[in-house]
There are 4 protein chains.
Amino acid sequence: MSAPSGRRRLKVGLIGVGRLGRVYARDLASRIPETRLVAVADTNAAAATEVAAEWDVPAAYDSTTQLIDDPNVDAIVIVSPTHTHRDVVIEAAERRKPTFCEKPLALSLGECREMQAAVERSGTFFQMGFMRRFDPGYAAAKKQVEDGRIGRPVVFKSTSRDPFPPSLEYANPASSGGILVDMGIHDFDLARWFMGEVASVSAIGGVLAYPDFATVGDMDNAIASIVFADGRLGVVDLTRNGIYGYDIVTELLGTEGTVRVGYIQETPVTTMTRNNVAHDTVPYFMERFERAYTRQLQNFAQNVLSEREPPIVLRDGVEALRVALAAAQACRSGTSVRVSSVA
Amino acid sequence: MSAPSGRRRLKVGLIGVGRLGRVYARDLASRIPETRLVAVADTNAAAATEVAAEWDVPAAYDSTTQLIDDPNVDAIVIVSPTHTHRDVVIEAAERRKPTFCEKPLALSLGECREMQAAVERSGTFFQMGFMRRFDPGYAAAKKQVEDGRIGRPVVFKSTSRDPFPPSLEYANPASSGGILVDMGIHDFDLARWFMGEVASVSAIGGVLAYPDFATVGDMDNAIASIVFADGRLGVVDLTRNGIYGYDIVTELLGTEGTVRVGYIQETPVTTMTRNNVAHDTVPYFMERFERAYTRQLQNFAQNVLSEREPPIVLRDGVEALRVALAAAQACRSGTSVRVSSVA
Amino acid sequence: MSAPSGRRRLKVGLIGVGRLGRVYARDLASRIPETRLVAVADTNAAAATEVAAEWDVPAAYDSTTQLIDDPNVDAIVIVSPTHTHRDVVIEAAERRKPTFCEKPLALSLGECREMQAAVERSGTFFQMGFMRRFDPGYAAAKKQVEDGRIGRPVVFKSTSRDPFPPSLEYANPASSGGILVDMGIHDFDLARWFMGEVASVSAIGGVLAYPDFATVGDMDNAIASIVFADGRLGVVDLTRNGIYGYDIVTELLGTEGTVRVGYIQETPVTTMTRNNVAHDTVPYFMERFERAYTRQLQNFAQNVLSEREPPIVLRDGVEALRVALAAAQACRSGTSVRVSSVA
Amino acid sequence: MSAPSGRRRLKVGLIGVGRLGRVYARDLASRIPETRLVAVADTNAAAATEVAAEWDVPAAYDSTTQLIDDPNVDAIVIVSPTHTHRDVVIEAAERRKPTFCEKPLALSLGECREMQAAVERSGTFFQMGFMRRFDPGYAAAKKQVEDGRIGRPVVFKSTSRDPFPPSLEYANPASSGGILVDMGIHDFDLARWFMGEVASVSAIGGVLAYPDFATVGDMDNAIASIVFADGRLGVVDLTRNGIYGYDIVTELLGTEGTVRVGYIQETPVTTMTRNNVAHDTVPYFMERFERAYTRQLQNFAQNVLSEREPPIVLRDGVEALRVALAAAQACRSGTSVRVSSVA
């Protein structure tokens with residue numbers, strides 16, 4: 001049986017089938033009308049085979065090169081570990097295959113520059129992944145700001161709280177970049193999206209809840225203060241000990257009003273007992289941003305099929321990383337750091 | 001030391017210094033600039049003396065007649081038990097002393113008629129007490145409805161929940177009128193205030209949480225359905241087992257929108273623990289309506305001093321009672337009862 | 001390419017591809033791992049063909065008999081108009097094909113009896129559709145009640161509000177059953193699910209917002225009071241003029257607490273402007289219950305595949321209808337109606 | 001007529017009858033059972049006389065010395081402009097009259113030292129005013145933290161938003177200390193109350209909404225990052241353009257949970273119109289903290305009458321000011337400032 005006539009589907013190859021990769025596989029295979037998942041690749045061959053079987057995917061590889069070279073693959077979605085992004089992006093660019101790359105782009109600006117050079121040289125379509133921009137809440141807030149509902153936004157505030165700490169292996173700044181990169185990059189991307197470029201950043205942080213984090217050189221809490229290029233202000237606070245649930249809140253304070261995005265209630269049930277009114281919380285990021293992930297991939301496919309420009313470009317990945325690295329440096333040095341000085 | 005020149009104060013005599021009477025004493029003596037509390041009366045002479053001492057009141061009586069006859073008393077506030085209202089109101093009317101009477105006016109329409117006759121005959125100023133109308137929330141909702149914010153209100157819904165049951169002695173319908181009178185009269189007054197006269201009412205009820213209530217002939221839960229004179233609809237539900245807190249909610253559903261009054265959070269503190277977000281509740285009626293009680297007495301004093309008409313008249317007390325009695329009768333008979341048939 | 005080995009999928013034939021039918025098609029074809037959509041049928045042949053093309057369905061029919069007789073079809077999902085349910089259910093039962101039927105089962109108890117007889121005679125698996133029971137909120141509330149969180153529930157309250165009126169054609173009680181059946185059946189099913197059988201019901205209603213409704217004999221607002229078989233109480237209020245949004249709220253008041261299900265905010269955005277804090281609302285039923293519909297069909301497939309009993313049986317469809325019909329009769333007669341007297 | 005036998009009242013002299021002073025006069029004269037307002041003083045003699053007349057106060061002065069020397073005055077409450085605090089506190093200390101002083105204690109640490117020396121030398125009772133600590137919300141949050149509800153608090157967050165800017169005359173840092181002192185001192189006091197001493201602070205700020213503020217050298221927005229002495233973290237953000245209402249929120253993020261204090265809804269009315277749910281906001285600080293002001297003065301009187309230690313001492317006023325001055329200095333210099341270096 002063939003695809004319905006008249007509907008064009010983008011034949012996607014997916015690189016990386018870890019926790020998030022499996023969600024992407026499901027979306028590409030079954031939830032996004034504009035895509036067909038035609039290949040998966042993972043260095044864990046068994047995982048690739050398993051996911052392929054689950055979603056009727058014709059090809060499973062243990063090599064990214066094989067997937068990129070598969071003539072049936074029209075576009076690449078990269079959700080493999082960050083340290084692999086550089087090679088895959090460059091290879092996909094050389095084969096001129098439209099690419100979506102999950103955040104963060106890389107852990108060093110040097111790698112970013114190489115990727116940027118390859119993508120620009122080849123002129124390949126490249127879309128950067130920052131799923132919050134596709135969350136219906138964030139999208140609605142952006143529209144309200146653009147519509148002038150709050151006048152001119154002058155202060156940006158964003159809070160990200162994880163309900164439990166990652167493993168020490170994951171938290172290790174050598175692979176995660178540390179809390180200000182790993183968690184903060186989402187908030188720094190939002191900062192740029194809502195307010196524009198960041199001029200300087202200062203930060204404080206510490207190991208306050210999970211002493212083991214000190215052994216790998218990461219922190220479990222951090223606060224970064226932002227001065228934007230035009231003098232407006234921002235603040236981002238991050239924690240690994242959200243405890244009560246996954247809680248992401250962003251607020252734009254404007255000259256005529258304020259808009260806030262975020263919620264912490266998962267199930268619409270309120271329980272009232274003696275002098276107590278209670279509800280549950282959002283367990284973790286997938287419960288909060290599932291729709292955003294789906295919409296993001298759908299947007300990628302639509303852009304490629306319609307030859308539209310990507311709404312989030314490689315440079316957005318670079319600049320969000322630059323702010324995060326500046327914050328990390330500011331936290332170590334105890335001084336404000338000009339973002340442009342980080343290279 | 002004398003009262004400030006230029007400020008006229010209404011010299012009030014207070015009848016009844018039980019739980020609510022003591023709140024009225026405090027308000028009349030210290031919180032309402034337009035009043036001076038010059039006498040208190042209670043059949044419990046010790047209580048009268050104690051309250052007089054607490055608030056520097058020059059006269060304390062154990063007889064309502066003495067208080068009404070005190071030439072220093074310009075106006076009467078009645079908050080004694082319901083079965084005493086008839087005699088006191090008639091006596092005050094005969095002395096032509098402006099009177100405020102706490103709800104319910106009486107427990108029988110026969111008594112109401114006698115009071116009404118006395119008040120009309122003498123032409124004395126009489127203000128009925130229904131404090132919810134003076135709550136800032138209810139007042140704001142009334143204004144929104146009058147301003148047309150919700151179009152034409154077509155359905156009236158009101159819920160009253162007590163956090164714990166009264167004593168059996170109190171609950172006894174012989175003195176309280178039963179749940180549909182004792183609790184419901186507030187909601188029935190709101191129904192008339194927001195929507196106009198009630199044509200018919202039906203009701204169901206039962207002893208569902210506190211089996212002892214059956215021994216005195218009262219119920220602990222009841223629901224009354226209302227058809228207004230013009231065909232619009234209403235529903236009132238009452239419970240003695242609110243358990244979690246004191247919860248009063250009223251909603252007007254209109255052709256262009258809905259307005260809802262009510263809250264159950266007392267302290268502005270939210271506590272978030274593992275998968276749980278919680279806050280406290282409103283303990284009881286005084287925490288919810290303290291300001292309304294004060295504003296109501298202040299309004300009474302201002303009306304008397306300025307010779308303005310009372311916003312709530314004796315007839316409002318009669319008609320709210322008539323609806324409540326119709327509901328009680330409907331609950332017993334299992335049929336809808338025309339309010340006008342209750343005499 | 002074949003289905004993944006090891007995963008059994010139920011091959012489903014879908015009858016009816018109207019508004020809701022198309023959602024079911026999408027779910028059966030792409031969102032439910034346990035199903036495969038192998039046939040669709042609709043008297044509108046073009047619609048059937050279109051849906052089949054959209055979801056790669058091998059067979060499209062304009063006759064329900066053809067679909068039921070298709071040997072590739074293992075199970076039937078019925079979402080065609082209510083008046084067609086009787087014939088399709090009986091036919092599917094005679095072919096012994098497991099059947100899911102969307103609510104309401106029928107508009108008359110006579111039809112219900114015929115369907116019940118056919119299903120019982122054949123012993124065919126039959127699952128009744130009441131999607132609210134599969135909503136994560138309602139499911140969580142049910143669990144809390146069963147876990148004793150609120151003690152014994154003694155009062156059931158449920159509110160259903162549509163944001164705009166249906167067409168007069170749709171509203172016509174001849175096809176919809178009228179507001180107490182069409183809207184109320186969901187609430188009456190919840191009443192039975194949470195509290196058990198209903199003994200009697202009374203109701204009031206009227207044409208208050210949309211005068212045209214009178215021309216077809218329907219009402220736009222109604223309130224039904226319920227006495228359960230064991231004396232506990234309930235109230236259901238329904239409106240076509242929710243205006244602000246789609247709002248479904250159910251509350252169980254218990255001897256130890258209260259649980260409430262419902263929400264009216266769609267996007268997690270709060271906008272604060274001069275003396276105003278505002279958010280949006282839930283547009284309509286699909287935004288509110290999309291997940292519940294999917295979970296319900298998935299549950300059906302799992303039950304058939306695992307030979308488990310259905311959680312909602314044909315009798316649930318009959319009894320919810322009987323309560324709704326009793327309410328409609330009570331509203332016309334102005335008296336309380338014993339549910340068992342409605343046949 | 002005499003005060004009730006058995007009740008001791010503290011005879012208070014009030015210095016300053018501006019906006020806040022008049023509220024204090026009302027509270028001392030009528031709302032606090034433990035006090036009697038026996039004298040008022042203000043350089044504006046007419047205002048003093050007017051307030052005295054309003055509340056039956058026997059003495060009105062245009063000189064603070066006269067009030068302090070009045071033998072009828074047992075205790076002093078200071079709510080005059082900040083620059084007058086030094087002289088009045090020293091004079092009251094020399095006369096050994098128990099003193100309550102509204103925040104901020106002074107605008108320079110030099111003045112603070114002189115006041116501290118005078119108070120310590122004389123051993124006079126001195127209570128510092130920070131009303132938020134007496135707000136039922138903040139008090140409940142403090143208790144929850146002390147009870148271990150959130151484990152160990154590790155991050156302190158506090159937001160203060162004024163709904164409109166003060167006059168330029170008021171905002172002038174020469175008299176107000178600037179936004180980080182004038183607004184921030186409340187948050188810095190809360191920081192010390194909940195978390196202990198502050199080691200260092202950095203800050204950013206700007207003129208973002210009201211360009212005129214630049215003409216007097218103040219900012220309209222500022223954000224301060226705090227490192228406490230034990231390494232824990234904090235952040236305070238302040239704005240003059242709250243616009244939507246007066247909004248004060250404080251949050252303690254702990255190792256086992258989070259507690260948040262604050263609300264922005266004034267009237268318990270929710271209005272639902274087409275796709276919009278809205279409520280009002282808290283107009284300004286008096287609506288938010290009226291009860292806290294009253295409780296604070298009552299606490300002062302009870303402490304003096306019962307010879308209890310003050311819960312907030314002069315040093316609290318000094319140290320909150322020191323943090324605020326450190327923040328202001330950090331904002332000017334762009335570097336982190338050690339609080340102990342500010343003298």
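Residues numbered from 1 in each chain as written. Chains lettered and ligands numbered in written order. Predicted model: local features only at pLDDT ≥ 70, side-chain atom pairs only at ≥ 80, totals over all residues. Heavy atoms only, no water.

Looking at the relation of the copies chain D and chain B
The condition is simple: The superposition of copies rests on a least-squares fit of C-alpha positions from residues with pLDDT of 70 or more in both. Residue contacts are defined here by distance: any two heavy atoms, one from each residue, within 4.5 Å place the two residues in contact.
Rotating chain D by 180° about the axis while translating it 0.0 Å along that axis superimposes it on chain B, leaving an RMSD of 0.0 Å. Taken together, the rotation and translation relating the two chain copies correspond to the operation of a two-fold axis. The rotation axis passes nearest to the C-alpha of D:Ser30 in chain D, at a distance of 2.6 Å. A share of 100% of interface residues in chain D that are also interface residues in chain B marks the association as one of identical surfaces.

Some details on the interface of chain D and chain A
The condition that has to hold: Each of two parts loses accessible area, computed with a 1.4 Å probe, when they are put together; buried area is these two losses added. Any Lys or Arg side-chain nitrogen found within 4 Å of a carboxyl oxygen on Asp or Glu counts as a salt bridge. Counting from the N terminus, the helices are the DSSP runs of H or I reaching at least four residues and the strands are the DSSP runs of E reaching at least two. Classes in brief: Ala, Val, Leu, Ile, Met, Phe, Trp, Tyr, Cys and Pro nonpolar; Asp, Glu, Lys and Arg charged; the others, Gly included, polar.
With 38 residues of chain D at the contact, the number on the chain A side is 38 residues. Interface area for chain D against chain A, summed over the two sides, is near 2,700 Å², with a carbon-plus-sulfur share of 63%. On the chain D side of the contact with chain A, D:Ile204, D:Leu208 and D:Leu233 bury the most area, a combined 21% of that side's loss. One can count four salt bridges joining chain D with chain A. Here A:Glu251 ties to D:Arg161 by a salt bridge, and the two come within 2.5 Å at their closest N and O atoms. Those elements that provide at least two residues to the side of chain D that touches chain A are strand E7 (153-161), strand E8 (198-206), strand E9 (221-228), strand E10 (233-239), strand E11 (247-254) and strand E12 (258-261) of chain D. Of all the elements, E9(D) adds the most residues to the side of chain D that touches chain A, at six residues. Split by residue class, the side of chain D that touches chain A holds 14 nonpolar, 15 polar and nine charged.

Some details on the pairing of strand E2 (residues 35-41) of chain C
Residues and elements named next belong to chain C. This is how it is decided: The rule is simple: take the accessible area with a 1.4 Å probe, protein chains only, and divide by the maximum for that residue type; under 20% is buried, over 50% is exposed, in between is partly exposed. Here, a strand pair is defined by DSSP locating no fewer than two bridges between the strands. The path from the first strand over the helix to the second decides the hand: if it runs clockwise while the strands point away from the viewer, the crossover is right-handed.
Within E2, six of the seven residues are buried, which leaves the element mostly enclosed by the surrounding structure. As paired elements, strand E1 (residues 10-15) and E2 share six bridges and run parallel to each other. Along E2, the bridge assignment pairs Leu10 with Thr35. Across three bridges, E2 lies against strand E3 (residues 59-61) in parallel orientation. Note on E3: the bridge partner recorded for Val40 is Ala60. Taken together, E2, helix H2 (residues 45-54) and E3 constitute a β-α-β crossover, and its handedness is right-handed.

Brief notes about the sheet that holds strand E3 (residues 59-61) of chain B
Where strands meet in a sheet, backbone hydrogen bonds hold them as pairs that are either parallel or antiparallel. All names here are of chain B. Filter applied, for reference: Think of each axis as a best-fit line through the C-alpha atoms, taken over the contacting stretch in the case of a helix, with angles from 0 to 180 degrees between the N-to-C directions.
On the basis of which strands lie adjacent, the open sheet formed by six strands has the order E3-E2-E1-E4-E5-E6 and parallel pairing. In this open sheet, the two strands that pair with only one neighbour each are E3 and strand E6 (126-128). Mean inter-strand twist for the sheet, computed between neighbouring axes without regard to direction, equals 25°. Both strand E4 (residues 75-78) and strand E5 (residues 99-101) contribute to a ladder of three bridges, which runs parallel. Its bridge partner lying in E5, Ile76 is registered against Thr99.

Section: the side chain of C:Thr82
All names here are of chain C. Mapped onto the elements of the fold, Thr82 is located in the loop between strand E4 (75-78) and helix H4 (85-94). On the basis of relative accessible area, Thr82 is assigned to the buried category, the value being 16%. Ignoring any residue separated from it by four or fewer positions in sequence, one finds Thr82 in contact with Pro104, Leu105, Ala106 and Leu107.

Remarks on the confidence of the model for chain A
Residue and element names in this part refer to chain A. Quick note on the threshold: Confidence scores labelled pLDDT are given residue by residue by the predictor and lie between 0 and 100.
For chain A, the average pLDDT comes to 96, and 98% of its residues sit at 70 or higher. Low confidence marks residues 1-6, where pLDDT is under 50. Its contacts with residues over four positions away, or in another chain, come to seven contacts. Of the two predicted TM-score estimates for the complex, the pTM is 0.95 and the ipTM is 0.94.

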